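Topology and contacts: notes
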There are 2 protein chains.
Amino acid sequence: KSYNFFPSCSKFLYSIRCLPRFSSRLPYRHVSASIKAKPSSEVRKKKHSSSESDDKLAALRELFLRSDINVDAYIIPSQDAHQSEFIAECYSRRAYISGFTGSAGTAVVTKDKAALWTDGRYFLQAEKQLTSSWILMRSGTLGVPTTSEWLNNVLVPGSRIGIDPFLFSSDSAEELKEAISVKNHELVYLYDLNLVDEIWKESRPKPPSNLARIHDIKYAGVDVPSKLASLRSELKTAGSSAIVISVLDEIAWLLNLRGSDVPHSPVVYAYLVVGLEGAKLFIDDIKIGPEVRQHLKNAGVEIRAYEDILSEISSLARRGDSLWFDSSSVSAAIVNTYKSACGMNSGLTPVYKSSPVSITKAVKNEAELEGMRNAHLRDAAALAQFWAWLEEQISNGIVLTEVDVAAKLVQFRSRQDGFLGSSFDTISASGANGAIIHYKPEPDSCSIVEADELFLLDSGAQYVDGTTDVTRTVHFGQPASWQKECFTRVLKGHIALDEAVFPENSPGFVLDAFARSSLWKIGLDYRHGTGHGVGAALNVHEGPQSISFRYGNVTPLLKGMVVSNEPGYYEDHAFGIRIENLVYVKEVKTEYRFGGAEYLGFEKLTFVPIQTKLVDVSLLSPMEIDWLNDYHYQVWDKVT
Amino acid sequence: KSYNFFPSCSKFLYSIRCLPRFSSRLPYRHVSASIKAKPSSEVRKKKHSSSESDDKLAALRELFLRSDINVDAYIIPSQDAHQSEFIAECYSRRAYISGFTGSAGTAVVTKDKAALWTDGRYFLQAEKQLTSSWILMRSGTLGVPTTSEWLNNVLVPGSRIGIDPFLFSSDSAEELKEAISVKNHELVYLYDLNLVDEIWKESRPKPPSNLARIHDIKYAGVDVPSKLASLRSELKTAGSSAIVISVLDEIAWLLNLRGSDVPHSPVVYAYLVVGLEGAKLFIDDIKIGPEVRQHLKNAGVEIRAYEDILSEISSLARRGDSLWFDSSSVSAAIVNTYKSACGMNSGLTPVYKSSPVSITKAVKNEAELEGMRNAHLRDAAALAQFWAWLEEQISNGIVLTEVDVAAKLVQFRSRQDGFLGSSFDTISASGANGAIIHYKPEPDSCSIVEADELFLLDSGAQYVDGTTDVTRTVHFGQPASWQKECFTRVLKGHIALDEAVFPENSPGFVLDAFARSSLWKIGLDYRHGTGHGVGAALNVHEGPQSISFRYGNVTPLLKGMVVSNEPGYYEDHAFGIRIENLVYVKEVKTEYRFGGAEYLGFEKLTFVPIQTKLVDVSLLSPMEIDWLNDYHYQVWDKVT
């Protein structure tokens, strides 16, 4: 197995829009997904001229020679310092230096070469966007080296390879360090400056500075002191005196704070250190208004400058605090600062464990579920209006592009109370575009929504009280019987999963085959997981649970977790089908409880009609027909 | 997780009759099963008097003091030297020393204490059979220490704990050694004598001495030179110059040899060393007749004395041979002998990998499948006669015990061509006995087969050409509607698994939920796996594949593998239901082949009617009704 340079994306292993880097079904091993960052649309729009690109590379290489830098190569990943899925524009360094704006990619610049790694989804885009100064490395293609293999080949042994240690999780930096040690290369942590920022200069967008806001207790359900108290009892159990949290949605959830620092996710850039007594939030003070200041003060949370995180880590180490790090998310900068400072305090070792906030956040309380239910009903109302509008437009022969349609959808949603924005880039895909699982229509290249093609629409919204994510596939004309068969088999999988009852402690992959079984019968399948976690008025992708054939993830599905149910089928160059609802895990009052176990099932959150025109009723069992009728009855009942 | 002293039983993790030691559903971890040895009925029958037991303990403790032994404790496991499921009487040392004849248990004797560990299935039996000299350790019960924890408690630090290193796999001995090192105890390998044998003396049964026989090429399909050639190419790939095989069915399969050394499995006690050029079989020469001698000679296999295995290992090490061991099955005696002898030949290290024979043996060739099909048809004929006979007896009011019925079944089977014996102890269980998953009726305590109770019969046979294993549950009177519901849900699970289609490279546990889903809907489940591998005219339990909720086993189901399909439901103190067929994995010609994958499914081997009286037809879908009708049509067609 070749070394995977990309920091792992364990939180979003199974998201469709965060497709892991694999091209065929890998049944044994969990494949680290690697794709996180989405460059902002601003960066995306820019055209990159050849000379501009060469100037940047020249400037970067000049920096290599500076005595305080002194490196032979520099690696520029997609990530921000918090391993976020969506990142602020000012952190889109890889896009800036390379000109390649796809969501996944790593740039590596040596003194005489520049190479960019990306996966199969982006080969065409990268070919277009990269200048001749860049070598395109088609990851996953036979014979293409990994980043570290390439560095081991092109550099003379004993070279110095620089990274910004904030942009690598501790785990991924350690992995990289080991891989390049084969050729005695040294991994140089450049704490003090990011080389790309250094050449980006004035043109670099400013870091976000919008005000953070309080997430109302009526939506959060649990106040901050209670959440911190539970976390502290976990610290005690683990024998730690403090935990460092850098994942933005964990901080937002713990502090009942929301923000607008990045697209699609209502989070603020910050670090949080929670000790047995106090807690410190490291954040740009400009984002803190008087109410939030009071809110944090009430919870005993002190405010510190974002930049002071490392000095805090050092002083905790010197004080003898035993810190808990989730080394899959906390940066190499933080972990290494702690380890160095501990050197003086021998006997002190960090606790490396996954963050306890991740699972607590995933299990929604009643207030969070209530918010999710309400947000989904308003979202359903907007979608009902949208679909009625679209059907009318198409039947009237109005020509609309995929982008037009996506924009109109936002318009309908924005009329709903508490709407904040979309929860990810809408996948509005007509015909063959539907088969591109990560498709994002662009104004200058997108298709017309054709009446005689399948149309796949995967979209979601952020509301003050909840987060939505829904996919429907429709046909405005006469679908082919083959398309109906595929749609119906996807629907059968969707129903089988929706209706599943399972004993507590079952991880999601136990259920994954239910969603595929009907497709398997005729030799069909889909190359993505069936379900991902969703935050409550938070990130549209969250872990740790999932429903997927990649059975590395043994997190059980727990009561209160929200997951998507989204089987699909994709025929290259032809069409794509996906039917996605969000559901939450609930106890099912079964007649019996064998072995004293609790039995669990799903409750639907999404109430949007499924196009019956695409259903081949002869393939459905009476139970499945009942399910569909009952669902539509509920949609009518709740949404009107 | 507490240390599991029992050598693991990885090959039979999912067998019903080899039930792993766990009492509730453990979803995350693969639980090592620990139960292997079945004491012979001879040993089982003996009554153990108190003084007899004390005499044995006294004699054993006297041996502790001998200068060539010098130990403070001695551990007596159930196993033979080959980790066999069924063992010869002369190796039933734990039963001899303790008086406890259950299939699972470990005896530990110190200078002043004696303790026996067994699991929940045997608490009552052990209480009856152990004298007051013994402490019964109820494994899996709160507060009960593991064997090593107990030894760490009762012995003064730095004690010497003796074992027979032939009776522990290398892995389990290493585990034990580490666990007792906490108290600086030393694990002492007594190579030269087994202390129990030493006191057993003349009364110890003689080792088996029946002739081995050739497994006809028309059943084996592949000749021995070809099998050895494939194995040798695996050796070359692994960089080994020889492999040591101690698992008896692997030896039997590789050499197309069969025997009758142990109950139920047609194997002979032997070790096999296959080098790049030659091969040596270590076996009691008395078992080799002229034909087998010639057969082995033709394949280039030399015969050596069984006892010479260790001296061969030493000389291979001295010669510089790099040996391949499956350390989960090869004994500590063998691995340690090699390691010590290598000491003189530095740079030589063993290759520890699972045996390549295991998977090759599991994937049946066409001749083996043909033999299995034919054996199953003859077996089905015997079962048809048997069930007709039994139904008549019961309807005539004839009183029959569970043992009578099991004996009559053997009689019917023995009339079939090529019958050799039963493939395991028949589980003939009326009423509440059916809920005891490992139930074995004994003449002096078994029940009457009642007309108004459910009757569960799980049995199998060895034929020259194949091995069978089938379970049917019937009712001779009027089953309660609740029993019918349970039976029907078990049947639905059986059908769902039988009809499953799945992409190649899927491990069995992906399918396990199909068999449970219908029970889960009403909160029911069963505490055993759904399927185990079965040998072709070999062991009724074989690995490495399985179909189970214990997803540690990622072996894919491959074309040609034979597995059981045996969902069940058990209501304590009331009844048990199980419906078991053997099936083999075949390619399914699906209309499509998404991603170029091959799609697989199952073909039935077992053709024995399923009692329709127990089916609640209202719970079946039309497809399931068709399945049942079609199955019975096939049974009629093939078996008449």
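Treat the numbers as computed from the prediction; the structure is a model and nothing was measured. (Residues numbered from 1 in each chain as written. Chains lettered and ligands numbered in written order. Predicted model: local features only at pLDDT ≥ 70, side-chain atom pairs only at ≥ 80, totals over all residues. Heavy atoms only, no water.)

**Let's talk about the overall build of chain A**
Helix and strand counts for chain A come out as 19 helices and 27 strands. Taking 26 Å as the expected radius of gyration for a compact globule of 640 residues, we find that chain A reaches 25 Å, a close match to that expectation. Each principal axis of the C-alpha atoms in chain A carries an extent, and together these give about 75 × 55 × 45 Å. Among the 640 residues that make up chain A, the fraction classed as buried is 63%. At a minimum sequence separation of 6, the contacts of chain A that also span at least 24 residues come to 72%. When the accessible surface of chain A is summed, it comes to about 23,100 Å², and 51% of that surface belongs to carbon and sulfur atoms. A distance of 2 Å separates the average location of the 67 positive side-chain charges in chain A from that of its 78 negative side-chain charges. (Helix = DSSP H or I, 4+ residues; strand = E, 2+ residues; numbered from the N terminus. Rg over C-alpha atoms; globule rule 2.2 N^0.38 Å. Buried < 20%, exposed > 50% of the residue type's maximum accessible area, 1.4 Å probe, protein only. Contact = heavy atoms within 4.5 Å. Areas by Shrake-Rupley, 256 points an atom, 1.4 Å probe, with all protein chains shown as cover. Lys, Arg positive; Asp, Glu negative; His and termini not counted. Charge placed at Lys NZ, Arg CZ, Asp CG, Glu CD.)

**A look at the interface of chain A and chain B**
Across the boundary between the two partners, chain A contributes 39 residues, which contact 39 residues of chain B. Here chain A and chain B share an interface that buries about 3,300 Å² over both sides, 68% of which is from carbon and sulfur atoms. Linking chain A with chain B are 6 residue pairs in polar contact (both at pLDDT 80 or more). Elements with a contribution of two residues or more to the side of chain A that touches chain B: β20 (502-503), α18 (509-520) and β24 (568-571) of chain A. (Buried area = accessible area lost by both parts, 1.4 Å probe. Polar contact = N/O pair within 3.5 Å; in protein donor to acceptor, adjacent residues only side chain to side chain.)

**Notes on the environment of Pro208 of chain B**
All names here are of chain B. Secondary-structure assignment places Pro208 in the loop between α7 (195-200) and β7 (213-214). Look at Pro208 and you get buried, because its relative accessible area is 15%. Each C-alpha atom, one on Pro208 and one on Glu62, is 29 Å from the other, the two residues being 146 residues apart in sequence. Here Pro208 is in contact with Ala88, Cys90, Asp261, Tyr269 and Lys287, once residues within four sequence places are set aside.

**Considering the relation of the copies chain A and chain B**
For the pair chain A and chain B, the relating rotation is 180°, the translation along its axis is 0.0 Å, and the fit reaches an RMSD of 0.1 Å. A rotation of that kind, with that shift, is consistent with a two-fold axis. Considering only C-alpha atoms, the residue of chain A closest to the rotation axis is Val510 of chain A, which sits at 3.3 Å. Most of the interface of chain A is mirrored in chain B, where 100% of its interface residues again form contacts. (Least-squares fit on C-alpha atoms with pLDDT ≥ 70 in both.)

**Regarding the UniProt feature "domain: Peptidase M24" (unreviewed entry) in chain A**
If you check UniProt for "domain: Peptidase M24" (unreviewed entry), the listed places come out as residues 370-587 of chain A in our numbering. As annotated, residues 370-587 of chain A comprises 32% helix and 24% strand, and the C-alpha atoms at either end are separated by 16 Å. (UniProt positions renumbered as here; feature names shortened; annotations may be inferred.)

**Some thoughts on unusual backbone geometry**
A cis geometry characterises the amide bond from Gly543 of chain A onward to Pro544 of chain A, with omega recorded as 0°. With respect to the secondary-structure elements, Pro544 of chain A resides in strand β22 (residues 542-547). Despite not being glycine, Asn70 of chain A shows a phi value in the positive range, around 50°. Position of Asn70 of chain A among the secondary structure elements: in the loop between α2 (50-64) and β1 (73-76). Owing to a relative accessible area of 40%, Asn70 of chain A belongs among the partly exposed residues under this scheme. At Asn256 of chain B, a position not held by glycine, the phi torsion is positive, near 50°. Relative to the elements of secondary structure, Asn256 of chain B occurs in the loop between α10 (248-254) and β9 (257-258).

**Some thoughts on the packing of α18 of chain A against helix α18 (residues 509-520) of chain B**
The N-to-C vectors of α18 of chain A and α18 of chain B enclose an angle of 95°; their axes lie 9 Å apart at closest approach. When the axis of α18 of chain A is compared with that of α18 of chain B, the two are roughly perpendicular. On α18 of chain B, the residues that touch Phe509, Val510, Ala513, Phe514, Ser517 and Trp520 of chain A of α18 of chain A are Phe509, Val510, Ala513, Phe514, Ser517 and Trp520 of chain B. A per-class count over the contact of α18 of chain A with α18 of chain B returns 10 nonpolar, 2 polar and no charged. (Axes fitted to C-alpha atoms, helices over the stretch in contact; angles between N-to-C directions. Parallel < 35°, antiparallel > 145°, perpendicular 65-115°, else oblique. Nonpolar A, V, L, I, M, F, W, Y, C, P; charged D, E, K, R; others polar.)

**Overview of the domain arrangement of chain A**
Interface size is commonly expressed as the accessible area that is lost once the parts come together. All names here are of chain A. Along its sequence, chain A is carved into domain 1 (55-203), domain 2 (213-361) and domain 3 (366-639). Tallying the contact residues gives 4 residues for domain 1 and 4 residues for domain 3. Carbon and sulfur atoms supply 56% of the area buried between domain 1 and domain 3, which totals about 340 Å² over both sides. Summed over the three residues of domain 1 that lose the most area to domain 3, namely Glu85, Phe86 and Arg121, the buried surface amounts to 92% of that side. Counting the contacts that link domain 1 with domain 3 gives 0 salt bridges. There are 1 residue pair in polar contact (both at pLDDT 80 or more) connecting domain 1 and domain 3. (Domains from an automatic or database assignment. Salt bridge = Lys/Arg side-chain N within 4 Å of Asp/Glu carboxyl O.)

**A word on the pattern of salt bridges**
All names here are of chain B. Evaluation of the coordinates by the stated rule reveals 68 salt bridges over all chains. A salt bridge links Glu198 to Arg66, with the shortest nitrogen-to-oxygen separation between them at 3.6 Å. Highlighted residues: Glu198 in helix α7 and Arg66 in the loop between α2 (50-64) and β1 (73-76), separated in sequence by 132 residues. In this structure Arg66 comes out as partly exposed when scored by relative accessible area, which is 33%.

**With respect to the sheet that holds strand β17 (residues 454-459) of chain B**
Residue and element names in this part refer to chain B. Ordered by their spatial adjacency, 3 strands build an open sheet running β16-β17-β19, and the pairing between neighbours is antiparallel. With one partner strand each, in any of the chains shown, β16 (427-430) and β19 (470-475) form the two edges of the open sheet. Geometrically, the sheet is characterised by an average inter-axis angle of 10° between neighbouring strands, direction not taken into account. Judged from the 6 bridges that link them, β17 and β19 form a sheet pairing that is antiparallel. The partner of Leu456 across the bridge, within β19, is Thr473. (Pairing = 2+ DSSP bridges.)

**Quick notes on α2 of chain B**
All names here are of chain B. A rise of 1.5 Å per residue sets the reference length of α2, with its 15 residues, at 21 Å; its end C-alpha atoms lie 21 Å apart and thus fit the reference within 8%. Within α2 the residues assigned to the buried category are Ser53, Lys56, Leu57, Leu60, Arg61, Leu63 and Phe64. Looking down the long axis of α2, one finds its buried residues gathered within 150° of arc, a one-sided arrangement. Residues of α2 that are exposed and angled more than 90 degrees away from the buried face: Asp55 and Glu62. (Expected span 1.5 Å × (residues − 1). Arc of directions from axis to C-beta.)

**Observations concerning the side chain of His295 of chain A**
Mapped onto the elements of the fold, His295 of chain A is located in helix α11 (residues 290-298). Non-local contacts of His295 of chain A, meaning those with residues more than four positions away in its chain, are made with Ile214, Val224, Leu255, Asn256 and Leu257 of chain A.

**Observations regarding the packing of aromatic side chains**
Counting across every chain of the model gives 46 aromatic pairs over all chains. Aromatic side chains Phe386 of chain A and Trp387 of chain A sit 5.1 Å apart centroid to centroid with 70° between the ring planes, which places their arrangement in the edge-to-face category. Note on Trp387 of chain A: relative accessible area 14%, which makes it buried. Judged by centre distance (6.3 Å) and plane angle (80°), the rings of Trp482 of chain B and Tyr569 of chain B are edge-to-face. Of this pair, Trp482 of chain B sits in helix α17 (residues 481-498) while Tyr569 of chain B sits in strand β24 (residues 568-571), placing them 87 residues apart in sequence. Of the two residues, Trp482 of chain B and Tyr569 of chain B, neither departs from the other in class, the shared state being buried. In this structure, Arg516 of chain A packs its charged tip against the face of Tyr526 of chain A, placed 4.0 Å from the ring centre. Here the guanidinium or amino end of Arg550 of chain A rests over the ring plane of Phe549 of chain A, the centre of that ring lying 5.1 Å away. (Phe/Tyr/Trp six-rings, centres within 6.5 Å; stacked < 30°, edge-to-face > 60°. Lys NZ or Arg CZ within 6 Å of the ring centre and 35° of its normal.)

**Overview of the sheet that holds strand β2 (residues 106-110) of chain B**
All names here are of chain B. The strand order across the open sheet formed by 6 strands is β4-β3-β2-β1-β5-β6, and the pairing between neighbours is mixed. Edge positions in the sheet fall to β4 (135-138) and β6 (186-189), since each of these pairs with one other strand and no more. Here the strands of the sheet are splayed against their neighbours by 25° on average, with no regard to which way each runs. Strand direction decides the pairing type here: β2 and strand β3 (residues 114-118), joined by 4 bridges, are antiparallel. Residue pairing for β3: Val109 is matched across the bridge by Ala114. Against the sheet, α2 engages β1, β2 and β3, with an angle of about 60° to β2. With respect to the sheet, helix α6 (residues 170-181) is in contact with β1, β5 (160-163) and β6, its orientation differing from that of β6 by roughly 145°.

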